[in-house]
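# Coordinate inspection notes
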4 protein chains.
Amino acid sequence: MVSRRKPSRSFASDNNAGVHPRVLRALERANVGHVVAYGDDLYTESAVGRFREQLGDDIEVFFVFSGTGANVLGLKAMTQPYHAVICAETAHINVDECGAPEKFTGCKLLTVPTTDGKLRAEDIKPLLHGIGVEHHVQPRIISISQATEMGTVYRPEEIKTLADFAHQRNLLLHVDGARLANAAVGLKARLRELTTDVGVDVLSFGGTKNGLMYGEAVVFFNRNLAADFKFIRKQGSHLASKMRFISVQFEALLTNDLWKKNAAHANRMAQILAQELAKIRPIEITQKVEANGVFAIVPQRYVPLLQKEYFFYVWNEAMSEVRLMTSFDTTEEDIQRFVRLVKKTVK
Amino acid sequence: MVSRRKPSRSFASDNNAGVHPRVLRALERANVGHVVAYGDDLYTESAVGRFREQLGDDIEVFFVFSGTGANVLGLKAMTQPYHAVICAETAHINVDECGAPEKFTGCKLLTVPTTDGKLRAEDIKPLLHGIGVEHHVQPRIISISQATEMGTVYRPEEIKTLADFAHQRNLLLHVDGARLANAAVGLKARLRELTTDVGVDVLSFGGTKNGLMYGEAVVFFNRNLAADFKFIRKQGSHLASKMRFISVQFEALLTNDLWKKNAAHANRMAQILAQELAKIRPIEITQKVEANGVFAIVPQRYVPLLQKEYFFYVWNEAMSEVRLMTSFDTTEEDIQRFVRLVKKTVK
Amino acid sequence: MVSRRKPSRSFASDNNAGVHPRVLRALERANVGHVVAYGDDLYTESAVGRFREQLGDDIEVFFVFSGTGANVLGLKAMTQPYHAVICAETAHINVDECGAPEKFTGCKLLTVPTTDGKLRAEDIKPLLHGIGVEHHVQPRIISISQATEMGTVYRPEEIKTLADFAHQRNLLLHVDGARLANAAVGLKARLRELTTDVGVDVLSFGGTKNGLMYGEAVVFFNRNLAADFKFIRKQGSHLASKMRFISVQFEALLTNDLWKKNAAHANRMAQILAQELAKIRPIEITQKVEANGVFAIVPQRYVPLLQKEYFFYVWNEAMSEVRLMTSFDTTEEDIQRFVRLVKKTVK
Amino acid sequence: MVSRRKPSRSFASDNNAGVHPRVLRALERANVGHVVAYGDDLYTESAVGRFREQLGDDIEVFFVFSGTGANVLGLKAMTQPYHAVICAETAHINVDECGAPEKFTGCKLLTVPTTDGKLRAEDIKPLLHGIGVEHHVQPRIISISQATEMGTVYRPEEIKTLADFAHQRNLLLHVDGARLANAAVGLKARLRELTTDVGVDVLSFGGTKNGLMYGEAVVFFNRNLAADFKFIRKQGSHLASKMRFISVQFEALLTNDLWKKNAAHANRMAQILAQELAKIRPIEITQKVEANGVFAIVPQRYVPLLQKEYFFYVWNEAMSEVRLMTSFDTTEEDIQRFVRLVKKTVK
C-alpha cells in the first residue's frame, strides 16, 4: 500500500478527496454570530429550499452526518423490525455498513445476486413469498443504489418500473443516492427525474462524496413517512447541534449547479480513465462506466506494484478485479500519470 | 422568542456559537490532496498524539460526530443489554438524548435525584441491590457529567471516590465530558487530573461546545474496553469518511492550549454574568457558577420580555429558573447589554 | 432460606403454586390426535371465544408463554422506540423484567414514586413535558398494574380517569393484569368493567399466577394496534407451536368462573392472613389488602427465623417490610400454621 | 386445506403431534405443593442432571419455552451486534423465525445456498473476508441444524470438521438441534457423539418436536459463554415462573431413553413412508431420508387433492416439492392410508 507519509493521489474512493473550495467558503461565511442549534435556523431553511427547487415542494428534508446514518435512519422511518429490506448483494447497506441496518431497524436484508449491481423486478419476485405469514419477515422495502456500487446507473424508466412494482405490492422504494449526482449527470437527467417523478419514497442524498466536508440528506417524497423522523434522527445520534454548518454546505452544493459540475467532472475523469485503460492489454474493463467508477481486471501480480503509488481497492479477489473511483478533484494529469504507470508496469 | 431573522446573541447554549477561527483555519489547511478515508491518516494519528500528550500514552481515542454519539457508543462498549447505567436525573443521557442510550445499548438508566447535578456514592448505594438476581438489571456503569448540566463540577477527589466506589463493586466510571474543558479550567486542573489520574474508564471528550464545528472524542483509559470499538462506531453510523476534518479540529483545540483559552473565556463570562445578575433584585442565582453556565430565578413575567432579545431556556418552569450559557465567543459587551436589559425589564 | 429438600408451603409468590386440577384435566383432554400448530386450531378459536364472552366481541386475543412476554410484546405493539412508557416505580415492567421492555421496545420507562403502587393523573402530569421536542422521549403509554405489585387495586372509575387522561393527550393505556382476576374479585367487578368499559387499550391477562401451568394473553381493545401483532409475537419468540395447550388452559380458566373462584380463594386467604397478623404485635400491615398480597413490617431479627420454614420475600429492607402472597391453593391450615409460627417467633 | 373441523392426521410437522403419555404423567406427578419459582427447585436440578448424564458434566443447561427462543438466546450469548452468523439458506433461524435473530442479537445472517441443507467448510470460506475491517460484519458463528430442515444429518466427523474449522478462525459452532434426537437415532450415535465430543459450543436441544408439550433447552459446552445467560434468558422473556413443569418434561424425555424411542419411531415411519412413495410413479423422493422428514416431488395438480385429507406443506413451489414430517405418534396405519390416497389420486 502507498505510504501515508507522502502526499499522494488516490483512486480508492471519492471520499479520499477533500472539500470543494466553494463549500469551504460557505462554511467560512456561515461562521458569524450566534445561531439557534439543531436546525431551527435560516441557513437550514434556505438549504431545504434549495432541495425543494430541485425536487419539488412536496418533500421533507433532514440533514444527517454520514451516508450510513442517512440510509439506516431513512430505512428505520419506513419499517418495523419484522419487515425485510430487499437489495442487491453488493449494496452498501448490505456489505459496507457493519450491520448498521440490522442493528438499528431490526430488519433482515434479503439480497439478490446481480452482475451489475442493479435490481430488477424479476429478481425480486421470488423473494415475495410468505406474505402475511408470521414465520417469515415481511418484505417492505426495495432499496437501490443510484449510482450502484458497480458504477452503473438506473434509467428513470427502470426506477419507475421498480417503484410501480413496489407500490402495487405495498412495498416502498428507497434509494441510496450517495452518488445520485453522478448518476444524474451520467443520464443527463435532472435530479427530480430520478426521484420525485418516478415514485421514489425515501432518498439518501449524498454530499460527502461530491465535495462536501460532511453531511448527507434524507429526503422524503412520501411525507407521511417523515412525520416522526426528527425523533428517529435524534435517537439515532445524528442531530447536529451546529446544524448551520451542514446546511450551508448543501446550500453551496445546490447553488449554481455545483453538484452537477462536480459530478460531471468526476464522471468525465472516469470515462477518460476507462478509455485509456481499455487500450492496455491485458487490462479489461468489466462494467459499463456510467458514473464515476471504473471496474477493471488487472492481473494479480501487477496490483501491489500499482498500489505502491496509488490507493485503490481490489473489488473481487478471485477475478483480480479492481475498483477505481474518480472525484470532483481528480485531474487529467492524475489519470495520465496513473495510466503511464500501468503501461510501464504491465510491460 | 427572538426572531430568527435578525442577527443576535444568545445565552441559550454554547452550541449556538460558531467555530473558533483557529479551528476554521485548521480545516482550510487540511483541505489539500487526497487522504485515506475513515481515519487511517496522518492528521488523525497526530490528533490522537495530542490527546496522549494531555491524557497519557495508555489510552485509545476515537472520533465521532456528536456528543450523543460519543455517549451512546462509549456506553455500548462498556455494557451488555441487561446492564444498568446509573446517572443523575438531570444527566444529558437521561433527558436530552431522546432515549438513544436505551435504544442502542438496550440498558436501563437508573437515575438519582440531585440538587446540583452531582452524583454521590451515598445516593448510588440504594440502587445496588438485586446484584446477581436475574429479574433485575445489573448496575454496571456510573455515568457523571463534568461539568454537570447544572454548571457545577466534580473535584478530582470526588471523581476518584466515585471511581474507587465503582471499581470495588465491579462497576465502571463513564464521564460525559461535553464540557470537560470548562470543568478543568474552573478547577484549575489539568485534563488528566480529572480523568486518567482518578480512575475514569471511558470519557466523552467534548469539542463542539468548545469551539469546534463538529466532532467529539471517545477516550478509553481502560483499553480492553476499546478492543471492538471500531465496529461499534461503524455500526453506530459514526465513522466519518473524511475523518481528517474532525482530526484537525481536535489537533487545533489541543495545540497551544486553545481548549483552555476557550473554556477560560467562557467561564469568565459566566462569572461576570452571575455577579452582575446577583446584584439585581429579585434575580437569584441558584447554582454555584463553576463552569460556563448560570442558573437563576427570574420572575416568570419577565422571561418572555427578555427572550424577545436573547435566546435562553427556562430550565425549571415551576421555579421560573432559567439557564444562561456562555461560550468562547461571548463578549463582555454581550453581557453588559443583557444585564442592562434585565435591569430595565425588572424595574 | 427454607431447604429445597423438604416439601413446603410458600407465601413467596402465587407462582410457587402448581396447576389447578381442572386446568390439568383440560390439558389431558386436549392431548388427542394431530392439531395444526401455531394457533390455527379449534381449541384456540374456542378459547378466544371465551375471552370475547368476558370482554366483548370487539377485541383481539393472542396467547404467549409468560407475563414478561405479554407485557413486552404488548408494549411493542403500542410504541416506537422514541416513545416513553410511564409507570409506577414499583411496576413489574420497571423492576422485575431485567430491562426486557427497554431491550425489546427501545423505549425509556418514566417512573413515578408511589406509596401504594398506584398511578394518579396528578403524578403523571409533570412527566408530560417536551412534547414534540426531539431531544426528549415522547410519552406514549401509561402502564398500570391491576392488581398492583403492592396488593392494591384500581377502581373502575380510577381506570377510566386514567384512560380519559391518556386519550385526551394522545397516550394509550396499558394494563399489566397478571393479577387482574384478583383485582376483579376484590372489587366485585366483572372483568370488562375493569377493561373494556373503562377505556383500556391493551391488557396483559394473567393465567400462570391464577392456576395455569403456563400461558398469558395479550388482549387488544384497540384492534388497530393488533394489526401486526402476530409478527411481533413471532419475532419476540413467543409463538407456541403446540398452541392448543395454552388455549385449553385459558378455556378452562374462563369456564364456569374458575378464574373467579381461584382468585376469590386467594384473596380470602390474604384477608385472613392479614387479619391474623394484624393482631400480633409488633407486626404492622402496611398496605390495604385488596387482592392476594399482604405487606407487613416484621422486625428484621424475626425474618430469617420465619424464612427457615416458609418462602417469602423481604420487599423493603430498610423498613423490614415483607410481602406474603396467597394463591388458589393456599389453605387455611397453611395460614394458621404460619400465624402460629409468627406468634411463637415474636414472643 | 383439510378442514379444521374434523379429527385428522397430519404430516405437516412433528409439532402437530400432541404430548407423549409419559410426559403428561410427569406433568401430573409434579403438580404437588409449592415449589420455588424460576428454576431454583429440585425438579430442575434433576433434569439438568439427566442432561449431564447424556452430555457430560462440564455443561450448563437452561430451559426456555420455544425453539426460536432457544436459538435466539443462545446466539445472543455468543455474539455482539457487529458479528455475523453463518448458516444455510434453508436454516430455521434464517427463514422461519420472522427475523427474531436479527432483532434480538443485532447480527446479520450470512447464508450459504445448499442442496441438502448442510453447510460445508468450503462453502463458508468465501464468507470469511474483511476480518478485522470495521466496514463489515465480523463472522463469529457457524450455525448448523441437526437434523437439517431437509431431513438430512451431519455425521460426527462432519461436525468435528466444522467445529475445528470454526475454532481455528476464532468462530464458534452453534447447533439448532430441534431434531437432534432424530439425527442421533438416524446416525445410531449417542447424543454426546454429536455434540460434546465433536466441539459444539452451544446447542438448542429440542423437546417440543419429540413429544413434549413445550420446552427447549439451551446447552452450553463452553461454560464461559453461559456466565450471564440467566440475564439474557430473563431479558429475552423466556424465564418460566413455574419452571418445574418444563424440567419434569425433560426429565421424562431423558429417562429410559424416551427421547430415543420417540425419535426412532418417527424416523422409522419416515423410512416406510419414503419407501412406499418411491414406488409410486411419478412421485420422486428428493432428499436422503436420514431423520423424520420426507421430501418428494408431487405433481402440482395432485397437491390440493391430497391436502384435502392431510396437512402438509409445499416446500418448493417451483419444483412442486412437498415436505412430509412424521412424529412419535405417527402410525403405520396413518402411512398406509396416506399412501393409498396418493396412489388413488395419481392414477
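As the structure is a computational prediction, the values presented were derived from the model and not from experiment.

## Description of the nonpolar core
Counting residues in each nonpolar core, the largest one holds 134 residues, and the members touching the most others are F51(C), F205(C), F51(D) and F205(D). Those residues in contact with F51(D), other than ones at most four positions away along the chain, are G56(D), I59(D), V61(D), F63(D), F205(D), A217(D), V219(D), F250(D) and L254(D). One finds A37(A), A163(A), A166(A) and L191(B) within the second-largest nonpolar core, a separate group that totals 133 residues.

## A few points about the sheet that holds strand 9 (residues 293–297) of chain D
Residue and element names in this part refer to chain D. With antiparallel pairing, four strands are arranged side by side in an open sheet as 8-9-11-10. Here the strands that pair on one side only, and so sit at the sheet edges, are strand 8 (284–285) and strand 10 (313–316). Pairing analysis gives two bridges linking strand 8 to strand 9, with the strands arranged antiparallel. Paired with I285 across the bridge in strand 9 is A296. The sheet contacts of helix 11 (residues 258–278) involve strand 8, strand 9 and strand 11 (321–325), and relative to strand 9 the element is tilted by about 15°.

## Observations regarding the relation of the copies chain B and chain A
When chain B is fitted to chain A, the best match, at an RMSD of 0.0 Å, comes from turning it 180° and sliding it 0.0 Å along the axis. What we have between these two chains is a two-fold relation. Of the interface residues in chain B, 100% have counterparts in chain A that sit at the interface too, so the contact is made through matching surfaces.

## Concerning the relation of the copies chain B and chain D
Each of the two chain copies can be brought onto the other by rotation about an axis and movement along it. Once chain B is rotated about the relating axis by 180° and shifted along it by 0.0 Å, it coincides with chain D to within an RMSD of 0.0 Å. Comparing interface residues between copies, 100% of those in chain B also lie at the interface in chain D; the contact surface is shared.

## Examining the interface of chain B and chain D
Listed as interface residues are 20 residues of chain B and, on the opposing side, 20 residues of chain D. Buried surface at the junction of chain B and chain D, summed over both partners, amounts to about 1900 Å²; 56% is from carbon and sulfur atoms. Among the residues chain B hides against chain D, the three largest losses belong to Y82(B), E134(B) and F231(B). Together they make up 38% of the total. Summed over the shared surface of chain B and chain D, the result is two salt bridges. A salt bridge links R233(D) to E134(B), with the shortest nitrogen-to-oxygen separation between them at 3.7 Å. For the pair chain B and chain D, the number of links is eight residue pairs in polar contact (both at pLDDT 80 or more). Looking at the side of chain B that touches chain D residue by residue, the class counts come to seven nonpolar, seven polar and six charged.

## Looking at unusual backbone geometry
Residue A147(A) follows Q146(A) across a cis peptide bond; omega there is -10°. With a phi close to 50°, N256(D) is a non-glycine residue in the positive phi region. Its location among the elements puts N256(D) in the loop between helix 10 (244–253) and helix 11.

## As for the environment of K308(A)
Looking at the element boundaries, K308(A) is found in the loop between helix 12 (303–307) and strand 10 (313–316). Residues K308(A) and D96(A), 212 residues apart in the sequence, show an inter-C-alpha distance of 25 Å.

## Focus: the domain arrangement of chain A
Residues and elements named next belong to chain A. Segmenting chain A into domains produces domain 1 (21–253) and domain 2 (258–346). One C-alpha centre belongs to domain 1, the other to domain 2; they are set 27 Å apart. Across the contact, 22 residues belong to domain 1 and 20 residues belong to domain 2. Summed over both partners, the interface of domain 1 with domain 2 buries about 1900 Å², with 57% contributed by carbon and sulfur atoms. Per-residue buried area on domain 1 facing domain 2 is highest for M150, N182 and V185; these three make up 27% of the total on that side.

## Observations regarding the environment of I232(C)
Among the secondary structure elements, I232(C) is positioned in helix 9 (residues 229–235). Of the residues examined, I232(C) reaches a relative accessible area of 7% and is grouped as buried. Each C-alpha atom of the pair I232(C) and I280(C) lies 50 Å from the other, and the pair is 48 residues apart in sequence. If sequence neighbours within four positions are ignored, I232(C) has contacts with Y82(A), L73(C), K76(C), A77(C) and F104(C).

## A few points about the pairing of strand 2 (residues 83–88) of chain D
Residue and element names in this part refer to chain D. Of all six residues making up strand 2, six are buried, and the element is well covered by its neighbours. Summarising the sheet, strand 2 and strand 4 (residues 138–145) pair through five bridges and their orientation is parallel. From the neighbouring strand, V85 faces strand 4, where its bridge partner is I141. Sheet analysis places strand 2 next to strand 3 (residues 108–112), joined by five bridges and oriented parallel.

Calculation criteria
- Residues numbered from 1 in each chain as written.
- Chains lettered and ligands numbered in written order.
- Predicted model: local features only at pLDDT ≥ 70, side-chain atom pairs only at ≥ 80, totals over all residues.
- Heavy atoms only, no water.
- Core = buried A, V, L, I, M, F, W, Y, C linked by side-chain atoms within 4.5 Å.
- Buried < 20%, exposed > 50% of the residue type's maximum accessible area, 1.4 Å probe, protein only.
- Contact = heavy atoms within 4.5 Å.
- Pairing = 2+ DSSP bridges.
- Helix = DSSP H or I, 4+ residues; strand = E, 2+ residues; numbered from the N terminus.
- Axes fitted to C-alpha atoms, helices over the stretch in contact; angles between N-to-C directions.
- Least-squares fit on C-alpha atoms with pLDDT ≥ 70 in both.
- Buried area = accessible area lost by both parts, 1.4 Å probe.
- Salt bridge = Lys/Arg side-chain N within 4 Å of Asp/Glu carboxyl O.
- Polar contact = N/O pair within 3.5 Å; in protein donor to acceptor, adjacent residues only side chain to side chain.
- Nonpolar A, V, L, I, M, F, W, Y, C, P; charged D, E, K, R; others polar.
- Domains from an automatic or database assignment.

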